[in-house]
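Read off the chains here:
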Protein chains: 2
Amino acid sequence: MMNRESIVKALREKGIKLTPQRLAIIEVLIERNDDHPGAGVIYREARKKIRRISLSTVYATLGEFSRRGIIKTLQFDQMENRYEGNLAEHVNLICKGCGKIIDYEAPISLDPAKVAKKTGFQMLDSRLEYYGYCRDCAGRPKGKRDKILL
Amino acid sequence: MMNRESIVKALREKGIKLTPQRLAIIEVLIERNDDHPGAGVIYREARKKIRRISLSTVYATLGEFSRRGIIKTLQFDQMENRYEGNLAEHVNLICKGCGKIIDYEAPISLDPAKVAKKTGFQMLDSRLEYYGYCRDCAGRPKGKRDKILL
DNA sequence: AGCTAATCTGGAATGATTCTGAATTGTATA
DNA sequence: TATACAATTCAGAATCATTCCAGATTAGCT
Ligand SMILES: [Mn+2]
Ligand SMILES: [Mn+2]
Ligand SMILES: [Zn+2]
Ligand SMILES: [Zn+2]
């Protein structure tokens with residue numbers, strides 16, 4: 001999961017063309033998996049790998065991958081959206097100071113069947129996040145550590 | 001919690017002036033609590049209550065309340081942000097078809113102490129969401145029920 | 001009643017994302 | 001290996017929720 005071969009295979013199976021742009025984006029997503037990079041970072045990193053790639057393509061590709069369930073999009077509005085290849089259910093710990101996003105494995109068990117029975121809601125994707133301060137930012141003086149407002 | 005008196009009291013205590021605009025916004029938030037309304041809805045509803053209020057004020061007020069911990073902001077980028085007064089930890093079930101947001105009470109317990117010990121991360125606010133289809137939208141034919149892309 | 005910092009306002013600015021339509025290219029097929 | 005064409009890429013324009021601005025108004029205090 002989240003290695004070049006498996007992704008390339010997934011793309012072939014879904015009939016998505018393999019282009020240099022897409023391969024570059026995939027590489028960035030793999031290399032920076034822990035960072036949960038945004039479109040800007042992905043664009044700049046991908047540019048180092050191949051001669052030509054446009055921001056439009058980056059957005060189109062990330063949208064396509066996300067829609068196909070190959071990656072996951074974390075949406076924000078005061079901050080670039082962030083993308084991750086870790087599709088396993090996990091909690092993202094998001095630092096309000098520096099925007100760092102840390103994966104936290106935890107068996108969060110909402111039983112889809114129970115939820116459906118109670119509310120009629122059919123669960124598909126989850127978004128489990130906690131906002132707070134990472135080790136580094138928790139250290140800094142209170143006044144000057146907020147970047148994300150919330 | 002989430003009644004006019006308690007909120008007004010909270011504002012007075014925090015030294016936030018009571019203006020007609022703010023009171024109107026508070027009333028909307030209370031009346032439409034279940035809807036998790038966006039800034040647009042809040043603006044239009046508030047306009048029915050008082051002669052003059054601008055969208056700028058609605059945004060400023062919601063931002064202020066959110067920052068002060070009086071309400072909570074749910075951030076999106078393909079959809080207006082949504083606001084809620086239910087500060088208790090709960091899961092929001094978000095319908096990808098119609099955008100409806102349903103509160104779901106569930107004892108999702110990540111132990112802050114344990115997380116801090118493991119990762120150094122200091123948890124403050126949570127955002128627990130599941131995306132899927134509400135009872136109504138789950139019924140409709142697959143092709144024509146998606147509004148939220150993700 | 002007067003003072004003043006806080007608040008409100010309409011309009012302009014922002015900025016991430018989406019859209020557009022023409023040019024390019026990956027891949028299936030012969 | 002060449003051909004065909006739908007898929008993909010591209011630069012630039014458009015979108016639109018949100019934020020910023022600077023001047024006008026006002027809540028709450030003395
Ligand atoms: Mn993650
Ligand atoms: Mn809720
Ligand atoms: Zn941090
Ligand atoms: Zn629905």
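Here's a quick rundown of the structure. (Residues numbered from 1 in each chain as written. Chains lettered and ligands numbered in written order. Predicted model: local features only at pLDDT ≥ 70, side-chain atom pairs only at ≥ 80, totals over all residues. Heavy atoms only, no water.)

1. With respect to the sheet that holds strand 3 (residues 91-95) of chain A
Item 1. Strand order in the open sheet made by the six strands is 4(A)-3(A)-5(A)-5(B)-3(B)-4(B), with mixed pairing throughout. For this open sheet the edge positions go to strand 4 (101-104) of chain A together with strand 4 (101-104) of chain B, each flanked by a neighbour on one side alone. Averaged over all neighbouring strand pairs, the angle between strand axes comes to 25°, with direction disregarded.
Item 2. Sheet analysis places strand 3 (residues 91-95) of chain B next to strand 5 (residues 122-133) of chain B, joined by five bridges and oriented parallel. Within strand 5 of chain B, the position partnered with Leu93 of chain B by the bridge is Tyr130 of chain B.
Item 3. Helix 5 (residues 112-119) of chain A rests against strand 5 (122-133) of chain A together with strand 3 and strand 4 of chain B of the sheet, and its axis sits at about 110° to strand 4 of chain B. (Pairing = 2+ DSSP bridges. Helix = DSSP H or I, 4+ residues; strand = E, 2+ residues; numbered from the N terminus. Axes fitted to C-alpha atoms, helices over the stretch in contact; angles between N-to-C directions. Contact = heavy atoms within 4.5 Å.)

2. Looking at the coordination of the zinc ion (ligand 3)
All names here are of chain A.
Item 1. Within the protein, the atoms that donate to the zinc ion (ligand 3) are Cys95 (SG), Cys98 (SG), Cys134 (SG) and Cys137 (SG), at distances of 2.2 to 2.4 Å.
Item 2. Classification of the site at the zinc ion (ligand 3) rests on its four donor atoms, whose angles at the metal span 103 to 116°, yielding the label tetrahedral.
Item 3. All donors to the zinc ion (ligand 3) come from one chain, and their sequence spacing reads C-x2-C-x35-C-x2-C. (Donors = N, O, S within 2.8 Å, 3.2 Å for Na, K, Ca; no water. Tetrahedral: all angles 85-135°; square planar, octahedral: opposite > 155°, others 65-115°.)

3. Notes on the relation of the copies chain B and chain A
The operation relating the two chain copies consists of a rotation about an axis and a shift along that axis.
Item 1. Laying chain B over chain A is done by rotating through 180° and shifting 0.0 Å along the axis; what remains is an RMSD of 0.1 Å. Both chain copies can therefore be described as sitting about a two-fold axis. Of the C-alpha atoms belonging to chain B, the one lying closest to the rotation axis is found on Leu128 of chain B, 2.3 Å away.
Item 2. Take the interface residues of chain B: 100% of them recur as interface residues in chain A, which is what a same-surface contact looks like. (Least-squares fit on C-alpha atoms with pLDDT ≥ 70 in both.)

4. Here's the deal with the protein's contact with DNA strand C
Item 1. DNA strand C sits among 21 residues. The nearest are Tyr59 of chain A together with Thr19, Arg22, Arg52 and Thr57 of chain B.
Item 2. Sugar plus phosphate, as a fraction of atoms of DNA strand C within 4 Å of the protein: 74%.
Item 3. Contact between DNA strand C and Ser56 of chain A: a base nitrogen at 3.5 Å from a side-chain N or O atom of the residue.
Item 4. Between DNA strand C and Arg52 of chain B, the relevant distance is 2.9 Å, taken from a phosphate oxygen to a main-chain nitrogen or oxygen of the residue.
Item 5. Elements with a contribution of two residues or more to the surface near DNA strand C: helix 4 (55-67) of chain A together with helix 2 (20-31) and helix 4 (55-67) of chain B. (Near = heavy atom within 4 Å. Polar contact = N/O pair within 3.5 Å; in protein donor to acceptor, adjacent residues only side chain to side chain.)

5. A few points about the protein's contact with DNA strand D
Item 1. The environment of DNA strand D is made up of 22 residues, and the closest members are Thr19, Arg22, Ser54 and Thr57 of chain A together with Tyr59 of chain B.
Item 2. Taking the atoms of DNA strand D that fall within 4 Å of the protein, sugar and phosphate contribute 76% of them.
Item 3. Thr19 of chain A has a polar side-chain atom sitting 2.3 Å from a phosphate oxygen of DNA strand D.
Item 4. Contributing elements (two or more residues each) for the surface near DNA strand D: helix 2 (20-31) and helix 4 of chain A together with helix 4 of chain B.
Item 5. Of the residues forming the surface near DNA strand D, the biggest block, three residues, is contributed by helix 4 of chain A.
Item 6. Of the residues assigned to the surface near DNA strand D, the class counts are six nonpolar, 10 polar and six charged. (Nonpolar A, V, L, I, M, F, W, Y, C, P; charged D, E, K, R; others polar.)

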